[in-house]
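Residues per chain, in single letters:
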Amino acid sequence: MATTPIFNASCSFSSTRGIDCKSFIGLRSTVSKVSVASSRVATSQRRNLVIRASESGNGHAKKLGMSDAECEAAVASGNVPEAPPVPPKPAAPAGTPIVQPLNLNRRPRRNRASPVTRAAFQETDISPANFVYPLFIHEGEEDTPIGAMPGCYRLGWRHGLVEEVEKARAVGVNSIVLFPKVPEALKNPTGDEAYNDNGLVPRTIRLLKDKYPDLVIYTDVALDPYSSDGHDGIVREDGVIMNDETVHQLCKQAVSQARAGADVVSPSDMMDGRVGAIRAALDAEGFQNVSIMSYTAKYASSFYGPFREALDSNPRFGDKKTYQMNPANYREALIEAREDEAEGADILLVKPGLPYLDIIRLLRDKSPLPIAAYQVSGEYSMIKAGGVLKMIDEEKVMMESLMCLRRAGADIILTYFALQAATCLCGEKR
Ligand code: PBG
C-alpha cells in the first residue's frame, strides 16, 4: 500500500495512544516533537493538530545513508538526526481534480481501510456450525441427479447418503435434515406411510445414529411426500385441507421419527395447533428431550419449485395458499410466532430465506427463541444457474447470501450449500 511508510512512521507512537494514524498523513507540521500530552488532546482539537513526519527532526544530522542501527545510536547519544524525506504521494491519474480536503470529522472509510481493520470490525460471522444440510433420500443404491438443482442428488439411503454425511462432518457440518422420495405405490390420501416405523426415514435415522451418534438429525413433519394428493394435509372431497385430522397424523409421524432417534422434529405443514399437539404427543411417549423446530412463517412461495421436482411432490391440484402464508404479509408472521412460542416450539423457522430477510429480523427482534432460516431450493438453483452461466461468481454470491441471512438474525441456516460453503470456510481458516 502506497501510504504504508508514513502510516508506519506515525503508528510507532500513536497507535498505542489512541490517535488515528491517518490524522497525521499529509498534514503540515507545527510541532517538532509529539508528546504524550499532545496525543491526548480532545478529538475536536486533534483535527487541527498538524504534524509532518519529514519535519519532526531538528536538522543536526542527515538520516540519508545511515543504517537504522546508526540512527538509533545517534539518537541515544543525543545527536538526533534529521528525519528522512517524506516519500512522494502516490500519483493520481492525470485529470484528477485538485480539491481542498473536505472538512469531515467522520470518515467511515477509515474503519474499512485494510483487511485487518475490516476483520476487526466485522459484526456478523458464520461458521459450519450454523448450517443444517438438507438431504434428499430414496430407496435403492443409486444417486439420482436432480435436474433443477445442479449438484444435488436423491441419495441412496445406505450408500450415497452416508458418504455425503461423512463429507459434511469432515468440514464441521454435523446437522442434517432428511427429505424422502416416497414410491408412488406407498402414497395414499391420508399419508399413512408417514408414520410407518419401518419407512424410509425411520430406517435412515437408525442407520445414521448407529454410525454417528453425535449427528444431529432434523426431520420434516408434513404429509406431502406421502400424500397421493401432494398436499401437506388430508384433502376433503371439496378440496379443503382438513386441519385437526392432519394434526393427528402429524403427531403419529413425529413420534415415529422420535422413536427412530430424531433429535429435532420440524413441522413444515402450517396446520394450526400442530406444535402444541406434537409436543404433547412426544411427551406422552417419553420424548421430552426431542426438540421441535417449527416452520413458523412458511410462505406460499414459488421458490419451492425445484424441491417439489426433487421429491415429485407437486400438489396434484390447487396450491398451498390456504395453509402457507401470503408472501405479502408481515404482521401475520407475528401471530404464527406467538402461537408457536406458546405451544412450546424450541426453534422458529422462516422460509424462504433471502426474499424474507425482514421476517427473519422481525422474529429475531420479537422472540428470544433461536431463529432458523431456510435458503430454499429455488434460491439455491438461481445461484447455481447464475454461476454455471458465468453471470455471477457462484462462490462469492453463495457466501454473501448466507452471511446476509445471519446478519438478518438467523442462528441456523438450512441450505443446500452447507457442504460447499463449509468447505469454503474451512479452506479460508487453514
Ligand atoms: C414440504 C416442504 C417443502 C419444502 C420443505 N418442506 C415444499 C412445500 O412446502 O411445498 C421446500 C424446501 C425447498 O424448496 O427447498 N412440507
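For the structure, check the block above.
Note that the structure is predicted; figures quoted are calculated from it, not measured.

**Student:** Help me get a handle on the overall build of the protein, residues and values and all.
**Tutor:** The number of helices and strands found in the protein is 15 helices and 12 strands. For the protein, long-range pairs separated by at least 24 residues make up 71% of all intrachain contacts whose partners lie at least 6 apart in sequence. When the accessible surface of the protein is split by element, carbon and sulfur atoms take 54% of a total near 21,900 Å².

**Student:** Could you give me a rundown of a nonpolar patch on the surface, with the residues and numbers involved?
**Tutor:** Together, Val388, Leu389, Met391 and Ile392 make up a nonpolar patch on the protein surface, roughly 420 Å² of accessible area in all. A residue is classified by how much of its surface remains accessible, and Met391, at 64% relative accessible area, is exposed.

**Student:** Talk me through the pairing of strand S1 (residues 131-138); I want residue IDs and the actual numbers.
**Tutor:** Of all the eight residues making up S1, eight are buried; the element is thus mostly covered by neighbouring parts of the structure. Residues Phe131, Tyr133, Leu135 and Ile137 of S1 are buried on one face, and the alternating residues Val132, Pro134, Phe136 and His138, pointing to the opposite face, are buried as well. In this sheet, strand S3 (residues 153-156) lies alongside S1 in parallel orientation, the contact comprising three bridges. Across the sheet, the residue bridging to Ile137 is Leu155, located in S3.

**Student:** Describe in detail the side chain of Ser377, supporting the description with residues and values.
**Tutor:** Considering the arrangement of structural elements, one finds Ser377 in helix H13 (residues 377-388). Residue classification places Ser377 among the buried positions, given a relative accessible area of 1%. Here Phe303 takes part through its backbone oxygen, which lies 3.3 Å from a polar atom of the side chain of Ser377. Once you skip the residues sitting within four places of it in the chain, Ser377 turns out to touch Met149, Phe303, Tyr304, Gly305, Pro306, Phe307 and Tyr416.

**Student:** Can you break down the packing of aromatic side chains residue by residue, with the values?
**Tutor:** Inspection of every chain in the model, using the stated rule, returns 10 aromatic pairs. With a centroid separation of 6.5 Å and 35° between ring planes, the pair formed by Phe179 and Tyr374 is classed as tilted. With Phe179 in strand S4 (residues 175-180) and Tyr374 in strand S11 (residues 371-375), this residue pair connects regions lying 195 residues apart in the sequence. With a centroid separation of 4.6 Å and an interplanar angle of 50°, the aromatic rings of Tyr380 and Phe417 are classed as tilted. You can see Tyr380 sitting in helix H13 and its partner Phe417 sitting in the loop between strand S12 (412-415) and helix H15 (418-429), a full 37 residues away along the chain. What makes Tyr380 buried here is its relative accessible area of 3%. Here the aromatic cluster, defined as three or more aromatic residues joined through ring pairs, consists of Phe136, Phe179, Tyr295, Phe307, Tyr374, Tyr380, Tyr416 and Phe417. A cation over an aromatic ring shows up here: Lys351 above the ring of Phe307, its NZ or CZ 5.9 Å from the ring centre.

**Student:** Give me the lowdown on the packing of helix H11 (residues 331-343) against helix H12 (residues 357-366), citing residues and values where you can.
**Tutor:** Where H11 meets H12, the axes come as close as 10 Å, and the angle between the chain directions of the two elements is 45°. The angle between H11 and H12 places the two elements in the oblique class. Read as a crossing pair, H11 and H12 show a hand that is right-handed. Along its contact with H11, which presents Ala333, Leu334, Ala337 and Glu341, the element H12 presents Ile359, Leu362, Leu363 and Lys366. Taken together, the residues of the contact of H11 with H12 break down into six nonpolar, no polar and two charged.

Conventions adopted
- Residues numbered from 1 in each chain as written.
- Predicted model: local features only at pLDDT ≥ 70, side-chain atom pairs only at ≥ 80, totals over all residues.
- Heavy atoms only, no water.
- Helix = DSSP H or I, 4+ residues; strand = E, 2+ residues; numbered from the N terminus.
- Contact = heavy atoms within 4.5 Å.
- Areas by Shrake-Rupley, 256 points an atom, 1.4 Å probe, with all protein chains shown as cover.
- Patch = residues over 30% accessible without salt bridge, like charges linked within 9 Å, V, L, I, M, F, W, Y side chains within 5 Å.
- Salt bridge = Lys/Arg side-chain N within 4 Å of Asp/Glu carboxyl O.
- Buried < 20%, exposed > 50% of the residue type's maximum accessible area, 1.4 Å probe, protein only.
- Pairing = 2+ DSSP bridges.
- Polar contact = N/O pair within 3.5 Å; in protein donor to acceptor, adjacent residues only side chain to side chain.
- Phe/Tyr/Trp six-rings, centres within 6.5 Å; stacked < 30°, edge-to-face > 60°.
- Lys NZ or Arg CZ within 6 Å of the ring centre and 35° of its normal.
- Axes fitted to C-alpha atoms, helices over the stretch in contact; angles between N-to-C directions.
- Parallel < 35°, antiparallel > 145°, perpendicular 65-115°, else oblique.
- Left-handed = near helix turned anticlockwise from the far one by under 90°.
- Nonpolar A, V, L, I, M, F, W, Y, C, P; charged D, E, K, R; others polar.

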